[in-house]
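The lines below spell out each chain.
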Amino acid sequence: MSKIKLEAPFKAFRGKICKHSDIIYKKMKDTNYTSQICNPRTKPFSAAELARQVNFKTAVTQAGTILADATQRATYETAFKAQTKYQTLRGYIIAQVYASL
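Let me sum up the structure you'll find in this document.

**Points about the overall build of the protein**
Assigned secondary structure in the protein consists of three helices and two strands. Ordered by position from N to C terminus, the α and β elements of the protein give β-β-α-α-α. For the protein, the proportion of its 101 residues judged to be buried stands at 14%. For the protein, the accessible area works out to roughly 8,600 Å², and carbon and sulfur atoms hold 56% of it.

Below, the structure written as structure tokens:
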């Protein structure tokens, strides 16, 4: 998965930002944030990108069913405690399921 770098949100913009940007207004925990997306995507997703998106959605769905089942959850918990790469059990399960797809 790709990593993103979060920048400090702006309270407000004044004047023109740039001709090709989209401004996003969002509210999180009673605080209004203003952000911008510079150079937004203009071309459609490729077939490989769509396949990765479908695989990730499938992995997240399967991880939810694994977490709901006590026996499968216990199996993954023992493997999760033996590793140091992932910080959450859910993230570990999603990574394992995604790798198997």
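Okay, back to it.
**Let's talk about the nonpolar core**
Counting residues in hydrophobic clusters, the biggest one holds nine residues: Ala59, Ala63, Ile66, Phe80, Leu89, Tyr92, Ile93, Ile94 and Val97. When residues of this core are traced back to their parent elements, those giving at least two are helix 1 (47-68) and helix 3 (89-100). Ranked by the residues each element gives to this core, the list is headed by helix 3, at five residues. When residues no more than four places from it in sequence are discounted, the contact partners of phenylalanine 80 are Tyr86, Gln87, Thr88, Leu89 and Tyr92.

**Some words on the packing of aromatic side chains**
In total, this model carries four aromatic pairs according to the counting rule given. Between the aromatic rings of tyrosine 76 and tyrosine 92, the centroid separation amounts to 6.5 Å while the plane-to-plane angle is 70°, which identifies the pairing as edge-to-face. Residue tyrosine 76 is located in helix 2 (residues 70-82), and its partner tyrosine 92 is located in helix 3; the two are separated by 16 residues in the primary sequence. With relative accessibility at 23%, the residue tyrosine 76 sits in the partly exposed group. One aromatic cluster is present, built from ring pairs that chain together Tyr76, Phe80, Tyr86 and Tyr92.

**Here we look at the packing of helix 2 against helix 3**
For the pair helix 2 and helix 3, interaxial distance at closest approach is 10 Å and the crossing angle is 100°. Relative to helix 3, the element helix 2 is oriented roughly perpendicular. Residues Arg73, Tyr76, Glu77, Ala79 and Phe80 of helix 2 touch helix 3, and the partners they reach there are Leu89, Tyr92, Ile93, Gln96 and Val97. Here the contact of helix 2 with helix 3 is composed, by residue class, of seven nonpolar, one polar and two charged.

**With respect to the side chain of glutamine 83**
Relative to the helices and strands, glutamine 83 is located in the loop between helix 2 and helix 3. Owing to a relative accessible area of 18%, glutamine 83 belongs among the buried residues under this scheme.

**Let's talk about helix 3**
Taking 1.5 Å per residue as the helical rise, helix 3 with its 12 residues ought to reach 16 Å, and the 17 Å between its terminal C-alpha atoms agrees with that figure. All of the buried residues along helix 3 are Leu89, Tyr92, Ile93, Ile94, Ala95 and Val97. On its buried face, helix 3 sits against helix 1 and helix 2.

What counts as what
- Residues numbered from 1 in each chain as written.
- Predicted model: local features only at pLDDT ≥ 70, side-chain atom pairs only at ≥ 80, totals over all residues.
- Heavy atoms only, no water.
- Helix = DSSP H or I, 4+ residues; strand = E, 2+ residues; numbered from the N terminus.
- Buried < 20%, exposed > 50% of the residue type's maximum accessible area, 1.4 Å probe, protein only.
- Areas by Shrake-Rupley, 256 points an atom, 1.4 Å probe, with all protein chains shown as cover.
- Core = buried A, V, L, I, M, F, W, Y, C linked by side-chain atoms within 4.5 Å.
- Contact = heavy atoms within 4.5 Å.
- Phe/Tyr/Trp six-rings, centres within 6.5 Å; stacked < 30°, edge-to-face > 60°.
- Axes fitted to C-alpha atoms, helices over the stretch in contact; angles between N-to-C directions.
- Parallel < 35°, antiparallel > 145°, perpendicular 65-115°, else oblique.
- Nonpolar A, V, L, I, M, F, W, Y, C, P; charged D, E, K, R; others polar.
- Expected span 1.5 Å × (residues − 1).

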